[in-house]
Number of protein chains: 2
Amino acid sequence: MSQNNKLVVIGGDAAGMSAASKVRRIQKEREIIVFERGRHTSFAACGMPYYIAGQIDHPDRLIARKPEVFRNKQNIDVRTRHEVTRIDTGGKRIRVNNLETGEEFWESYGELLIATGASPMKPDLPGMDADGVFGLSILQTGIDVYNDIGEHKPKKAVIIGGGYIGIEMAEALLARGMDVSLVDMAPQVMATMDPDMASHITDFMLKEGVKVYLEETLERLEKNENGRVSAVVTDKQTLPADLVITGIGVRPNSGLAREAGLETGANDAIRVDKKMRTSVPGIWAAGDCAESYHLISEKPVFIALGTVANKHGLVAGTNISGGDKEFPGVVGTAITKFNNLEIARSGLSEKEAERLGIHFKSATIEARTRSGYYPGSAEIRVKLMVEEATRRLIGGQIVGMQGSGKRIDTIATALTAGMTASQIMDLDLSYAPPFSPVWDPVQIAARQLV
Amino acid sequence: MSQNNKLVVIGGDAAGMSAASKVRRIQKEREIIVFERGRHTSFAACGMPYYIAGQIDHPDRLIARKPEVFRNKQNIDVRTRHEVTRIDTGGKRIRVNNLETGEEFWESYGELLIATGASPMKPDLPGMDADGVFGLSILQTGIDVYNDIGEHKPKKAVIIGGGYIGIEMAEALLARGMDVSLVDMAPQVMATMDPDMASHITDFMLKEGVKVYLEETLERLEKNENGRVSAVVTDKQTLPADLVITGIGVRPNSGLAREAGLETGANDAIRVDKKMRTSVPGIWAAGDCAESYHLISEKPVFIALGTVANKHGLVAGTNISGGDKEFPGVVGTAITKFNNLEIARSGLSEKEAERLGIHFKSATIEARTRSGYYPGSAEIRVKLMVEEATRRLIGGQIVGMQGSGKRIDTIATALTAGMTASQIMDLDLSYAPPFSPVWDPVQIAARQLV
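Residues numbered from 1 in each chain as written. Chains lettered and ligands numbered in written order. Predicted model: local features only at pLDDT ≥ 70, side-chain atom pairs only at ≥ 80, totals over all residues. Heavy atoms only, no water.

Asks: Provide a residue-level description of the overall build of chain A, including the pertinent values.
Replies: From N to C terminus, chain A includes 12 helices and 25 strands. When the backbone C-alpha atoms are referred to their principal axes, chain A occupies close to 75 × 60 × 40 Å. A total of 450 residues make up chain A; the buried ones form 58% of that total. In chain A, once contacts between residues fewer than 6 apart in sequence are set aside, the share between residues at least 24 apart is 62%. (Helix = DSSP H or I, 4+ residues; strand = E, 2+ residues; numbered from the N terminus. Buried < 20%, exposed > 50% of the residue type's maximum accessible area, 1.4 Å probe, protein only. Contact = heavy atoms within 4.5 Å.)

Given below as C-alpha cells:
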C-alpha cells in the first residue's frame with residue numbers, strides 16, 4: 001500500500017474550504033475529506049446581522065458554496081453534520097461522530113488541516129438559558145434569531161457587548177422596529193478603537209435611538225412564566241427585554257487540538273508558523289482557530305475575521321499541495337458601520353501601543369468626505385498614530401459618514417509599506433469634488449503629524 | 001536700503017495662494033504681493049461642472065478663500081484684475097497691467113513665484129467665435145455657461161472632447177435636461193484610460209442617454225442669424241447644437257516665463273527641480289504652469305490637477321520661506337464620475353508603458369463593490385498592470401458603480417511603495433458586507449496576476 005496521502009479537513013467554512021479548493025486545483029486526484037459539524041459550508045457569518053435586519057431575502061444567499069457543489073464540481077468529499085471529537089496524532093486518525101445517525105468511526109489521514117473556527121463567548125450569568133437569548137455563531141443561529149423575531153415579535157431588545165456584533169445587531173434590531181438597549185461593562189463601545197473615536201460612535205448611536213449603557217456590570221437575566229427572557233439586570237438597573245443578543249467576543253475552537261497535544265498561543269489559538277504548520281508534523285491549522293502574525297506589533301495575535309481566514313486557507317492549501325507560501329501577516333484592519341456611520345481601524349490602538357511600550361504621537365482631524373460645496377459632503381474623523389522615534393505610521397482609525405470607512409485601506413497599505421507621516425502626506429491620492437476634498441482626510445491627518 | 005526681500009506671486013489660485021499662505025505662516029513680516037488676472041482667488045475649478053448642473057447653490061461656494069480674506073487675515077496683498085505682461089529677470093521686476101484702470105507699472109521683486117496655471121486649448125475651427133461656445137477655465141467661464149443656460153435655454157448641447165471635462169459636462173448638461181452629444185476624434189473616450197476600460201464608460205454613457213460619436217473629426221461650427229451656434233459639423237455628420245462646450249485639454253500658461261528666458265520642458269510646462277526652482281535663480285514656479293516628476297516613469301510630466309498644484313504650492317512656499325522640502329512626485333492618480341459610474345486611474349496606462357518600452361502584464365477583473373448578497377452591491381472592474389521583470393505594479397484603472405473609485409487610493413499607495421502584485425494580494429484590506437467582498441476587488445485583480 002502506498003503512503004496515505006489523504007487530506008482530511010476539520011471544519012467546512014472559509015479557511016477549511018478555501019484550503020481544500022486550493023489543494024484540489026493543484027492536486028486533481030488527491031483524496032480530500034471535509035468534516036463539518038453544522039449543516040452549511042462556506043457561509044458569510046458577517047452577513048447575519050443584515051439578514052436579521054431583513055435586508056437579504058433568503059439565508060441561502062449567505063452561503064458562498066453549498067456542500068453538494070464542493071462534492072459534485074470539485075470532487076471534495078464534504079460531510080456535514082459530522083463532528084470530530086478526537087485527534088490521534090500517533091495513529092494519524094481522527095474520531096468522527098455522525099450527528100445524524102449517532103454512528104462513530106475512525107478516519108485516517110495523511111495530512112490533517114484543523115479549521116474549526118471560533119465560538120462566541122457566552123456570559124456566565126444566571127438566566128442565560130432563557131428562551132429569546134442568542135449569540136451569533138453558525139448560520140443556524142442567525143436563522144434562529146430571524147425566525148424568533150417573526151414568531152415572537154419582540155419589542156424590547158437588549159444587546160450585551162458593544163463590539164462589532166453588538167453594533168451591527170443594534171442597527172439590525174432598530175431596523176426591525178425594536179426598542180434597543182446596548183450594555184457594555186467597558187467605559188466605551190468598540191474596544192478596538194480609542195476612547196476619543198469611540199465616543200463619536202456612542203453619540204451617534206444615542207442620536208439614532210439606541211440606549212447605550214456603559215460601565216454597567218451584568219448580574220442576571222430574568223425570565224417570565226413561559227421561560228422567555230423578560231429582563232436584563234445590571235448593577236445599576238433592570239432593563240426589560242424580550243430578546244437578548246450577546247456579542248462579547250469569540251474564542252478559538254482549539255480544544256480538540258490542545259487535547260491532542262498541539263501547542264496553543266495567543267488567546268489560546270492554535271500555534272502555527274508562517275506556513276500554517278502546527279507543532280505536530282503533518283497537521284496544519286487555519287482560520288479563526290489559529291494564530292496570525294501582526295506586522296506592526298511583530299507578535300502572534302488572535303484575529304477572527306473572514307479576510308484572515310481566507311488568506312490562512314489559501315496559504316495552508318498552497319503548502320499542503322506542495323507549494324511554498326508564507327502567511328503575509330495582518331495589520332489589524334477592520335471595518336463596520338452603524339446605520340450611516342462608518343467605522344474602521346487598522347494597526348495598533350493607543351492601548352495596544354502602550355502595552356507594547358511604544359512611544360507614539362497621534363493626531364485627530366475632522367474633515368469632509370467630499371468637497372464642502374458638493375451635495376452629500378459630510379463629516380469624517382481620521383486619527384493617525386506614528387511611532388515617535390521613527391515617525392512611522394503604527395495605527396489609524398476612521399469614524400465618519402458615507403465614503404469614510406474604505407479610506408482605511410490607504411492606511412492599511414501605508415502601514416504595510418512602513419510609511420512615515422510625511423510619506424503619507426505626500427501620496428498622490430485621488431481628488432474630485434464628489435469623492436474628496438483636495439487633500440484627502442487621511443493626508444490632512446498625516447499633515448498634522450508632520 | 002536692505003536687500004529686497006519682497007515675494008511677488010503671479011497667479012492667485014491653488015498653487016500661488018497655498019505658497020503665499022505657507023510663506024506667511026513662516027515669515028510673519030515678509031512683504032507678499034499676489035497679482036491675479038481674474039476677479040477671484042483660490043477657486044475650485046473642478047467644481048464648475050456641478051455648479052452648471054445646478055447642484056451647488058451659488059458660485060461663491062466654489063471660492064475657497066476670497067481676496068479680502070487673504071488681505072485682512074493673512075496680510076497678503078492680493079491684487080485681482082492685475083495682469084503681468086513681462087518678467088525682467090535682469091532688473092528683478094515685472095510689468096503689471098491694472099485691467100480695471102488700464103494703468104501699467106513696474107513692480108520689483110526679491111523672489112518671484114510663477115503660478116499662472118493652465119488654459120483650455122481651443123479647437124482651431126471656423127465658427128468657434130459663435131455665441132454659445134464655451135471652454136471652461138476660470139470661474140467666470142463657469143458662471144457664464146450657467147447664465148447662458150438660464151437665459152437661452154439651449155436644448156441641444158454638443159461637447160467636444162471626451163476627457164474629464166467632457167464627461168463631467170455631459171453629466172451636467174444631461175441633468176439640465178438637454179439632449180447631449182459628445183464628439184471625440186479618438187476611438188475612445190478618456191484617453192488616459194486603456195481602450196478596454198474606456199469602452200465600459202462609453203457603453204454606460206450611451207445607456208444614460210448621451211450620444212457618443214468617436215473617431216469623428218471636427219470641420220466647423222455653424223451659426224444662426226443672431227450669431228449663436230446652430231450646429232457642429234464633423235467629417236461624418238452635422239449635429240444641431242445651441243450650446244457647445246469644448247474640453248480638449250489644457251496647456252500650461254508658460255509663455256510669460258518662456259519669453260523671459262526660463263527653460264520649459266514636458267508639454268511646454270516651466271521646467272522646475274524638485275524644490276520648484278526654475279532655471280533662473282530667485283524665480284520659482286508651481287501649479288499647472290510647471291512640470292511635475294512622475295515616480296513610475298521617472299520622467300518630468302505635465303499634470304494639471306488641483307492636488308498637484310496644492311502640493312507644488314506647499315513645497316515652493318516651504319523653500320521660499322527658508323525651509324527644505326522636495327516635491328514628492330506624482331503617480332498619475334485621477335478620478336471622476338459620470339452619473340453613478342466612477343472612473344479612476346493611477347500609474348501608467350498601457351499606451352504610456354509601451355511608449356516607455358516597459359514590458360508588462362495586465363489583468364482585468366469584474367467583481368462587486370459589496371458582498372453579493374448585500375443591498376446596493378454593484379459592478380466594479382479593476383485592471384492592474386505589473387512590470388514583467390520585477391512583478392512590480394506600474395498602473396491601475398477602475399470603472400464601477402458607487403464605492404469603486406476611491407479604491408484607486410490603495411493602488412496609488414501601493415504604486416508609491418513599489419509593491420508587487422503578490423504584496424498587494426497579501427494586503428490586510430478592510431472587509432464587511434456593506435463595503436466589500438471578502439477579497440477586495442483590487443486584491444482579486446492582483447491575485448489574477450500572481
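Asks: Outline the relation of the copies chain B and chain A, supporting the account with residue identities and numerical values.
Replies: One copy of the chain maps onto the second through a rotation around an axis plus a translation along that axis. Of the two same-sequence chains, chain B is brought onto chain A (RMSD 0.0 Å, axial shift 0.0 Å) by a rotation of 180 degrees. Look at the turn and shift together and you get a two-fold axis relating the two. Minimal C-alpha distance to the rotation axis in chain B is attained by Thr410(B), lying at 2.5 Å. In this assembly the copies share their binding face: 100% of the residues contributing to the interface of chain B also contribute to that of chain A. (Least-squares fit on C-alpha atoms with pLDDT ≥ 70 in both.)

Asks: Break down the confidence of the model for chain A for me, citing the residues and quoting the values.
Replies: In low-pLDDT segments, the atomic positions of the prediction should not be examined closely. A residue-level look at chain A finds 99% of positions with pLDDT of 70 or above and a mean pLDDT of 95. Interface confidence for the predicted complex, given as ipTM, is 0.96, next to a pTM of 0.96. (pLDDT = per-residue confidence, 0-100.)

Asks: So, the packing of aromatic side chains: which residues are in play, and what are the values?
Replies: Remark: the centre distance and the inter-plane angle together describe each pair of aromatic rings, the angle taken between the planes. All names here are of chain A. Within the structure shown, the criterion is met by 8 aromatic pairs over all chains. Arranged with centres 6.2 Å apart and planes meeting at 85 degrees, the rings of Phe204 and Phe338 form a pair that is edge-to-face. Of this pair, Phe204 sits in helix α6 (residues 195-207) while Phe338 sits in strand β21 (residues 334-338), placing them 134 residues apart in sequence. Of the two residues, Phe204 and Phe338, both sit in the buried class. Positioned above the aromatic ring of Trp106, the side-chain terminus of Arg93 is 3.6 Å from the ring centre. (Phe/Tyr/Trp six-rings, centres within 6.5 Å; stacked < 30°, edge-to-face > 60°. Lys NZ or Arg CZ within 6 Å of the ring centre and 35° of its normal.)

Asks: Which residues make up the interface of chain B and chain A, and what values do they have?
Replies: Contacts between chain B and chain A engage 58 residues on the former and 58 residues on the latter. For the pair chain B and chain A, the two sides together bury roughly 5,100 Å², of which 63% comes from carbon and sulfur. Three residues stand out in chain B for area buried against chain A, namely Tyr373(B), Asp428(B) and Phe435(B), and they jointly supply 16% of the buried area on that side. Counting across the interface, chain B meets chain A through 4 salt bridges. For the salt bridge of Lys406(A) with Asp440(B), the shortest nitrogen-to-oxygen distance reads 2.6 Å. Our count for the contact surface shared by chain B and chain A stands at 20 residue pairs in polar contact (both at pLDDT 80 or more). Elements with a minimum of two residues in the side of chain B that touches chain A: α8 (306-320), β21 (334-338), α10 (408-417) and α12 (441-449) of chain B. Along the lines of polarity and charge, the residues of the side of chain B that touches chain A split into 28 nonpolar, 17 polar and 13 charged. (Buried area = accessible area lost by both parts, 1.4 Å probe. Salt bridge = Lys/Arg side-chain N within 4 Å of Asp/Glu carboxyl O. Polar contact = N/O pair within 3.5 Å; in protein donor to acceptor, adjacent residues only side chain to side chain. Nonpolar A, V, L, I, M, F, W, Y, C, P; charged D, E, K, R; others polar.)

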